[in-house]
Amino acid sequence: MDFVLNNIDKHLDNHRSLDQHRKDLKRKLEELNGLKEDTESIMRSELQPRKKLKAEVQIWLENVERVNVEVQDLDDRIGESSALTRGFHTEDVSKSIKEVEELITQQGRFHGGLVVDNPQWIGQVLSTTNISGEAVKACVEEIWQCLMDDGVKKIGVWGMGGVGKTSIMKFINNQLLKERGKFDTVIWITVSNETSIAKLQKDVASKIGVEFSGDEDETTRAGMLFENLSQKGRFVMILDDLWAKVSLERIGIPELSNGGKLVLTTRKDDVCRQMGCREIKVKPLMEEEAWKLFLEKAGCDNLNIQGVEPIARSIAKRCAGLPLGVITIASCMKGIDDISEWRNALKELSLRKKSVNGFEDKVFQELQFSYDRLKNPELQDCFLSCALYPEDWEIEERSLIQLWIAEGLVEEMDSMRAEFDKGRAIMNRLISNCLLEVFTEEHARTVKMHDLLRDMALRIAKSRFLVKAGTMLEKAPDVQEWSMNLEKVSLMRNRWLYIPLKMSPPKCPKLTTLLLSHCYMVSIPEGFFKHMDALKILDLSWNPIKSLPHSLSNLKNLTSLLLAYCEHLGNVPSLSNLGFLKKLDLRGTKIKEIPNGVLSRLCCLQELIVGETLINGKEVGGLKKLQGTLEGRFYDWHNLNMYLEACRGREEPRQYIIYVGDVNFHTFLENEGKEIVARGCNIYNYQIVLPRDIEELRIWFCNVDCSEEYPLFSRFILFSIGSFSSLRYLEINGCRNMKKLFSPNCVPPNLQRVTVVGCKQLEEIITSEVEPEERGMVITEFHLPQLRLLSLGDLPELKSICSAGGVLVCDSLDEIGILDCPKLKRMGLNLPKLDNVPPSASANFYLSVRIRPKEWWESLEWDGPQPKSLFDPFVRFW
């Protein structure tokens, strides 16, 4: 018995010390990553052309990356562990600490620089499309000849937007990387219409390994770039999409006298002349080339209809050989088999041609044809809203659809799910018309706007939009730019943006959308929102703001208030007047609770995301439109009951994480489903209401007032008729005064993971309703066909998993952990899959049975329906 107690004490000591070990590991890992950043900083300055990292440095960096991944994986495993097995990770954490310490020591041994000679790397390969067409191939050949000609220093590739300049130069970039020996370095810089010297300097620096501290002025930055580039030897710098003349000297680009080359692409030939370039024009597609591309995008089937092909050829011809125009127009005509629609499309294009002058205007008119063909104003406004994001930004589909819904661009429907599905249909329509491009679907689908289409959108919305997103803007636009007609303003992702405290409140009575996220703003003038009465969406997420102006309280039309991860924000002005608010996001703030009486006035709320902020159950239950996401903390079970009782008979939130009791639930924020986590709160009442669709339930350190005859789960009921059929994950940890967990009629049938640990008085997992004298005579089977993990630990009074006469049948169980349950005498487990495993095949059959102590297993009197010997090959002793 002393041996068992000593092992239990050791396990508990491990459990208690794990958090301290993890803190030590985190601190040392931060130190290691700091050294890694220092090493990479030195590396960037030393990695000149024809240089490479020393092997020992490369191995060290790889080991640092590996350790970071392993520590993250370890954190994930600890987070997924039950309280029973959590303490056993202490040794793993200690090993990680030792390895991190060794890597810190190794870094101090780097002497004599980090690099050696390496003639291999000279630039970055870029993704590109196939180059086709005689004119395009001729253009590529001419550019190449100029690059090989030492007498040509600057090359200007120009042509109308969407004609293929960027694609051509990406092809050239990749060819230069293959032709080793001519140039030492190839540098690609994407410019934009809203560029600045500071942004160009930052972009060049990132490509050549120069690191600015942030305190340098323009002249100092230029000097740093000049010094680095002068050592590059024969370099090619490609400036893509230049809109106006820029001073190479101000940027820090040295004179091109040592074999260096500058190539720029632009829509304007006068930019080429002003920059002193050899001009090369990218010509449009020939008529037959354009027709071939049109056929590819529009499809051939609908062109077989009599009379359609001549009209389609005329439409393709009116695209003037502009590939982007051909693609967008052909895409919006795809699938149309009514010849009258083809005739109408041709007429519309013809009228547009007659109404505009100037080549650039004609390009925009051609592209606007696809925009106008959407016909539906809501579809068109959804497209225009995509331009609120920074240029070349990958826009996460879900957040974009949520923006459309919040702006009222998606018609209001009977549920949020229906509205989201409608938004997804709009997204697919824009993609199919080539107005948006699907960028990736790896985890969550993202989309991008071609810069020319974004320019067109901003031109269409010129008087209604003020967009300076991601432009390194430091000072908010002057009050004169905030015109009376503005409807949407986006200044998102401008690091260190500030709004002058003395700035007069902008007068924007029509403004509905204001996006200021990720701007690192620390304050907002008190009266800033004073004249924004129509504002619907205010996004201030990810800003270190400590307080908000009281003028926010008067934004009576606000539907979305997004303050997520404003980590210094401890309170907000009164929200009582925001009666139309549909989404409130306060997660990651320091706000402790929402005062009573506030939520009851926000009757339109559909999403309430407040993290560990305390909320009132009765008030939340009164939010009849809360269908989206609910994340918040109730004070106790009584508050949860009040919320659920108030929800009876109506649609539940699509997703929820509800905390009950104490704070510090951050370890549970990994799952996005339907979860309740209770910690440090008492379970006294006979009935505790749970949602019918609950998927995960965790109860930690609660005092359970359960009498002999009432198991814990007999106290839980669903707020509508059901049998906990959605419950997948159950974890009970450190609950006092609980003797039984399940009554026979309250075993959730679809459990996948069950963990019970540290419940000192627990005697049975599943109790029996059969009279004691009849037990053993009547066999009762409890089926958990989806159960994969059963983990029991530190249960000193546990006598049986099932009462005598009961058998737990588990078809899928592959992990069993029984640690420090000294009185457990009856397992009552039946694993049907073991019956069909021959001894010779056990090595290829997965079942993990973790036992401690070994003596307990050896002395266990097995009375299950299967012989104990079937389990022996899979047992491991801790």
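Position labels on residues start from 1 in each chain and follow its written sequence. Since the coordinates come from a predicted model, pLDDT governs what is reported: local features require at least 70, and pairs of side-chain atoms require 80 or more to be given and counted, while whole-chain, interface and lining totals use all residues. Water and hydrogen atoms play no part in the side-chain values, which are based on all heavy atoms of the structure.

### Points about the overall build of the protein
A helix here means a DSSP run of H or I that spans at least four residues, while a strand means a run of E at least two residues long, and both kinds are numbered starting from the N terminus. When helices and strands are counted, the protein shows 22 helices and 35 strands. Relative accessibility decides the category of a residue: with a 1.4 Å probe and only protein chains considered, values under 20% of the type maximum give buried, values over 50% give exposed, and everything between is partly exposed. Residue burial in the protein is summarised as follows: out of 878 residues, 53% are buried. Taking contacts inside the protein between residues at least 6 apart in sequence as the whole, the part at least 24 apart equals 65%. Only carbon and sulfur atoms are counted for the fraction: they give 49% of the accessible area of the protein, which is about 40000 Å². Throughout, a contact is declared for two residues whenever any of their heavy atoms are within 4.5 Å. Each accessible area is a Shrake-Rupley result for a 1.4 Å probe, and residues are judged covered by the shown protein chains and nothing else.

### So, helix H21 (residues 637-647)
Buried within H21 we find Trp-637, Asn-639, Leu-640, Asn-641, Tyr-643, Leu-644 and Cys-647. One or two positions beyond H21, positive phi appears at Gly-649, with a value near 85°.

### Brief notes about the nonpolar core
Formed by 120 residues in total, the largest nonpolar core has its most connected members in Trp-482, Leu-514 and Leu-608. If one sorts the elements of this core by residue count, H21 sits on top with five residues. Each nonpolar core is a collection of buried residues, namely Ala, Val, Leu, Ile, Met, Phe, Trp, Tyr and Cys, held together in the definition by side-chain atoms within 4.5 Å. Formed by 42 residues, the second largest nonpolar core is a distinct cluster that contains Leu-324, Leu-436, Leu-452 and Leu-515.

### Looking at helix H13 (residues 323-333)
Along H13, 10 of the 11 residues are buried, which leaves the element largely enclosed by surrounding structure. Phi turns positive, to about 85°, at Gly-335, one or two residues after H13.

### Describing the state of the cysteines
Linking two cysteines covalently through their sulfur atoms gives a disulfide. A pair of cysteine sulfur atoms is labelled a disulfide when the two atoms are within 2.5 Å. With the rule as written, the count across this model stands at zero disulfides. Of the cysteine sulfurs around Cys-382, a residue in no disulfide, the closest is that of Cys-386, at 7.7 Å. Of the residues examined, Cys-382 reaches a relative accessible area of 0% and is grouped as buried.

### Thoughts on the pairing of strand E29 (residues 789-793)
Along any regular strand the residues' side chains alternate between the sheet's two faces. Most of E29 sits inside the fold, with five of its five residues counted as buried. Of the two faces of E29, both are covered, the one formed by Leu-789, Ser-791 and Gly-793 as well as the one formed by Leu-790 and Leu-792. Strands qualify as paired when DSSP identifies two bridges or more between them. Across five bridges, E29 lies against strand E32 (residues 815-819) in parallel orientation. Among the inter-strand pairings, Leu-792 is bridged to a residue of E32, identified as Ile-818.

### Section: the pairing of strand E22 (residues 696-700)
Burial of E22 is extensive: five of the five residues sit out of reach of the surface. Burial of E22 is two-sided: the residues Glu-696, Arg-698 and Trp-700 facing one way and the residues Leu-697 and Ile-699 facing the other way are all buried. Note: strand E20 (residues 674-679) against E22, five bridges, orientation parallel. Of the residues in E22, the one forming a bridge with Ala-678 is Ile-699. With five bridges connecting them, E22 and strand E24 (residues 729-733) associate as parallel partners. Across the sheet, residue Trp-700 finds its bridge partner in E24, namely Asn-733.

### Remarks on the pattern of salt bridges
Whenever a carboxyl oxygen of Asp or Glu lies within 4 Å of a side-chain nitrogen of Lys or Arg, that contact is scored as a salt bridge. The full count for this structure, using the stated rule, is 33 salt bridges. The partner of Asp-150 in a salt bridge is Lys-182, and the shortest N-O contact between them spans 3.3 Å. One end of the pair, Asp-150, is in the loop between helix H5 (134-148) and strand E3 (154-158); the other, Lys-182, is in the loop between helix H6 (165-178) and strand E4 (185-190), with 32 residues separating them in the sequence. For Asp-150, a relative accessible area of 46% puts it in the partly exposed group. Across the pair Asp-585 and Arg-587 runs a salt bridge whose closest N-O atoms are separated by 3.0 Å. Look at the salt bridges and you will find they share partners, linking Glu-675, Glu-696, Arg-698 and Glu-731 into a network.

### Concerning the sheet that holds strand E30 (residues 800-802)
Taken together, the three strands give an open sheet; going across it, the order is E25-E27-E30, and neighbouring strands pair in parallel fashion. Of all the strands in the sheet, the pair left with one neighbour each is strand E25 (740-742) and E30. Shown here is a sheet whose adjacent strand axes are inclined to one another by a mean of 10°, direction ignored. In this analysis an axis means a line fitted to C-alpha atoms, helices contributing only their contacting stretch, and an angle means the value between N-to-C directions, from 0 to 180 degrees.

### A few points about the packing of helix H16 (residues 377-385) against helix H18 (residues 416-432)
Interaxial distance between H16 and H18 falls to 10 Å at its minimum, and their mutual angle equals 75°. As judged from the angle between their axes, H16 and H18 are roughly perpendicular. For the pair formed by H16 and H18, the contact residues are Leu-379, Cys-382 and Phe-383 on the first element and Ile-426, Arg-429 and Leu-430 on the second. Polarity classes work like this: nonpolar for Ala, Val, Leu, Ile, Met, Phe, Trp, Tyr, Cys and Pro, charged for Asp, Glu, Lys and Arg, and polar for all others, with Gly in that last group. Classifying every residue of the contact of H16 with H18 by side-chain character gives five nonpolar, no polar and one charged. Each angle is binned into one of four classes, with values under 35 degrees roughly parallel, values over 145 roughly antiparallel, values of 65 to 115 roughly perpendicular, and all other values oblique.

### Quick notes on the environment of Asp-662
Looking at the secondary structure, you find Asp-662 in the loop between strand E19 (655-661) and E20. The exposure class assigned to Asp-662 is partly exposed, which follows from its relative accessible area of 39%. C-alpha of Asp-662 to C-alpha of Arg-633: the two residues are 29 residues apart in sequence and 8.6 Å apart in space. Among residues more than four places away in sequence, those in contact with Asp-662 are Arg-633, Arg-679 and Gly-680.

### Quick word on the packing of aromatic side chains
Two rings belonging to Phe, Tyr or Trp (six-membered ring only in the last case) form a pair when the distance between their centres is within 6.5 Å. Interplanar angles under 30 degrees mark stacking, angles over 60 mark edge-to-face geometry, and anything in between is tilted. Inspection of the entire model under this criterion finds 10 aromatic pairs. With a centroid separation of 5.7 Å and an interplanar angle of 85°, the aromatic rings of Trp-482 and Phe-528 are classed as edge-to-face. Separated by 46 residues along the polypeptide, Trp-482 in the loop between strand E11 (465-467) and strand E12 (488-490) and Phe-528 in the loop between strand E13 (513-515) and strand E14 (537-539) bring together distant segments of the chain. Of the two residues, Trp-482 and Phe-528, both sit in the buried class. Members of the aromatic cluster, connected to one another through ring pairs, are Trp-291, Phe-294 and Trp-342. The ring of Phe-183 carries Lys-182 above its face, with NZ or CZ at 5.9 Å from the centroid. Definition used: whenever NZ (Lys) or CZ (Arg) falls within 6 Å of the ring centre and also within 35 degrees of the ring normal, the charge is taken to sit over that ring.

### Here's the deal with the sheet that holds strand E33 (residues 829-830)
What the three strands build is an open sheet, ordered E28-E31-E33; its pairing is parallel. Two strands in the sheet have a free side with no partner beyond their single neighbour: strand E28 (780-783) and E33. Where E28 lies against strand E31 (residues 806-809), four bridges are found, and the strand directions are parallel. Counted as the bridge partner of His-783 is Val-809 from E31.

### Some details on the packing of H5 against H6
The N-to-C vectors of H5 and H6 enclose an angle of 45°; their axes lie 11 Å apart at closest approach. Taken as axis vectors, H5 and H6 run oblique relative to one another. When you trace H5 past H6, the crossing you get is right-handed. In contact with Val-136, Cys-139, Val-140, Ile-143, Trp-144, Leu-147 and Met-148 of H5, H6 contributes Ile-168, Met-169, Phe-171, Ile-172, Gln-175 and Leu-176. By definition, turning the near helix anticlockwise from the far helix through less than a right angle yields a left-handed crossing, and turning it clockwise yields a right-handed one.

### Digging into the confidence of the model for the protein
A score between 0 and 100, pLDDT records how confident the predictor is in each residue. Per-residue confidence for the protein gives a mean pLDDT of 84, with 88% of residues at or over 70. Counted against residues more than four places away or in other chains, residues 1-9, with its pLDDT under 50, gives eight contacts. Taken as a whole, residues 666-671 scores under 50 in pLDDT and shows 11 contacts with residues more than four places along the chain or in a different chain.

### Observations concerning unusual backbone geometry
Leaving glycine out, the prevailing phi sign among residues is negative, and the prevailing peptide bond configuration is trans. Residue Pro-853 follows Arg-852 across a cis peptide bond; omega there is 0°. Inspection of the secondary structure puts Pro-853 in the loop between strand E34 (848-852) and helix H22 (854-859). You will see that Trp-496, though not glycine, has its phi angle at about 65°, which is positive. Structurally, Trp-496 is set in the loop between E12 and E13. We classify Trp-496 as exposed; its relative accessible area is 51%. We note that Asp-794 has phi near 50°; this positive angle belongs to a residue other than glycine.

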